[in-house]
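# Close look at the chain arrangement
Take a look at the letters that make up each chain.
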Amino acid sequence: MVQEVGFAKLKALGITLIAADSPQSFLDDTPTSKLIRQILGAVSEFDKAMVVAKLKGARDRKRALTGKCEGRKSHADTHPELVALVRQLRRRRPKGGQRSLREISAELTLRGYVNERGAAFSAASINSMLGYRSLPSS
């Protein structure tokens with residue numbers, strides 16, 4: 001229905017549609033050409049719905065298998081050794097207590113670990129490596 005309304009509006013504006021696969025499809029205004037346009041529109045809609053369903057099924061299978069399907073890869077996925085080091089640095093401090101996120105970032109930079117832009121990791125990046133939902137108070 002939307003396809004036919006769009007076709008009628010374009011025709012009213014003086015725009016002529018020419019289909020690449022069948023140049024006469026939109027030029028004729030016979031009941032047969034209207035039927036063919038509607039059938040091709042319905043087939044196209046069905047095909048899109050099938051592709052969407054297949055992609056959803058594939059995402060669901062991947063999510064069930066690995067627990068994650070979409071979005072950026074986490075630091076734990078790309079650099080598990082870095083995440084382990086961050087956790088180790090958060091636990092240990094020579095005089096007791098925990099290091100701050102910025103202190104951990106500075107230590108990582110000293111050890112040669114930098115982000116993809118070559119800069120020190122931000123406190124938020126360190127926080128996400130530790131798996132916290134929000135920044136801790138210390």
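Residue numbers restart at each chain and count upward from 1, following the sequence in its written direction. The model is predicted, so local features are restricted to residues of pLDDT at least 70 and side-chain atom pairs to those at 80 or more, both for listing and for counting; the totals for chains, interfaces and linings are taken over all residues. Computation of side-chain values covers all heavy atoms of the structure but excludes hydrogens and water.

### Describing the pattern of salt bridges
The line we're drawing: Criterion for a salt bridge: a side-chain nitrogen of Lys or Arg within 4 Å of a carboxyl oxygen of Asp or Glu. Type-normalised accessible area, obtained with a 1.4 Å probe on protein chains alone, sets the label of each residue: buried when under 20%, exposed when over 50%, and partly exposed for intermediate values.
Counted under the stated rule, the structure contains six salt bridges. Here Arg111 and Glu107 are joined by a salt bridge, their closest N and O atoms 2.9 Å apart. Residue classification places Arg111 among the partly exposed residues on the basis of a relative accessible area of 45%. In this structure, a network of salt bridges that share partners links the residues Lys56, Arg59, Asp60, Arg63 and Glu70.

### Focus on the side chain of Arg99
Formally: Helical segments are the DSSP runs of H or I of at least four residues, strand segments are the runs of E of at least two, and each set is numbered from the N terminus. For the purpose of counting charges, residues Lys and Arg are taken to be positive, whereas Asp and Glu are taken to be negative. His and the chain ends are not included. Any pair of N or O atoms that falls within 3.5 Å is considered a polar contact. Within protein, one atom must be able to donate a hydrogen and the other to accept it, and sequence-neighbouring residues count only if both atoms are side-chain atoms.
The topology assignment puts Arg99 in the loop between helix H4 (80-91) and helix H5 (101-110). This buried residue, Arg99, is left without a salt bridge; Glu107 holds the nearest opposite charge, at 5.1 Å. In terms of polar contacts, Arg99 uses its side chain to reach the backbone carbonyl oxygen of Leu89, at 3.2 Å.

### Overview of the nonpolar core
Using the following cut-off: Among buried residues, the Ala, Val, Leu, Ile, Met, Phe, Trp, Tyr and Cys ones that are joined through side-chain atoms within 4.5 Å form a nonpolar core. Only heavy atoms matter for contacts: two residues are in contact if any of them lie within 4.5 Å across the pair.
With 13 residues, the main nonpolar core has Leu82, Val86, Ile104, Leu108, Phe121, Ile126 and Met129 as its most contacted residues. Those elements that place two or more of their residues in this core are H4, H5 and helix H6 (123-130). Counting residues per element, this core draws most heavily on H4, which supplies five residues. The residues touching Phe121, leaving out its near neighbours within four places in the chain, are His75, Leu82, Ser105, Leu108, Tyr113, Val114, Asn115, Ile126 and Met129.

### As for H6
Heads up, the condition is: What the arc describes is the spread of directions from the helix axis to the C-beta atoms.
Listing the buried residues of H6 in full gives Ala123, Ile126, Asn127, Met129 and Leu130. All buried residues of H6 lie within an arc of 160 degrees about the axis, which places them on one face of the element. Against helix H3 (75-78), H4 and H5 lie the buried residues of H6. A positive phi of about 85 degrees marks Gly131, the residue just after H6.

### Here's the deal with the layout of surface pockets
To keep it simple, the criterion reads: The pocket and cavity definitions rest on a 1 Å grid over protein atoms only: a 1.4 Å probe that fits but cannot leave marks a cavity, an open set with protein on both sides within 12 Å along at least five of seven lines marks a pocket, and residues lining either have an atom within 4 Å of a point. Grid points are joined across faces, edges and corners, and a volume is the space filled by probe spheres set on the points. Following the grouping adopted for this structure description, the nonpolar residues are Ala, Val, Leu, Ile, Met, Phe, Trp, Tyr, Cys and Pro, the charged ones are Asp, Glu, Lys and Arg, and the polar ones are all others, Gly among them.
Of the volumes computed, that of the largest pocket is approximately 320 Å³. Contributing to the lining of the largest pocket are 16 residues, with His75, His79, Asn115, Glu116 and Phe121 lying nearest its centre. Split into classes, the residues belonging to the lining of the largest pocket amount to four nonpolar, seven polar and five charged.

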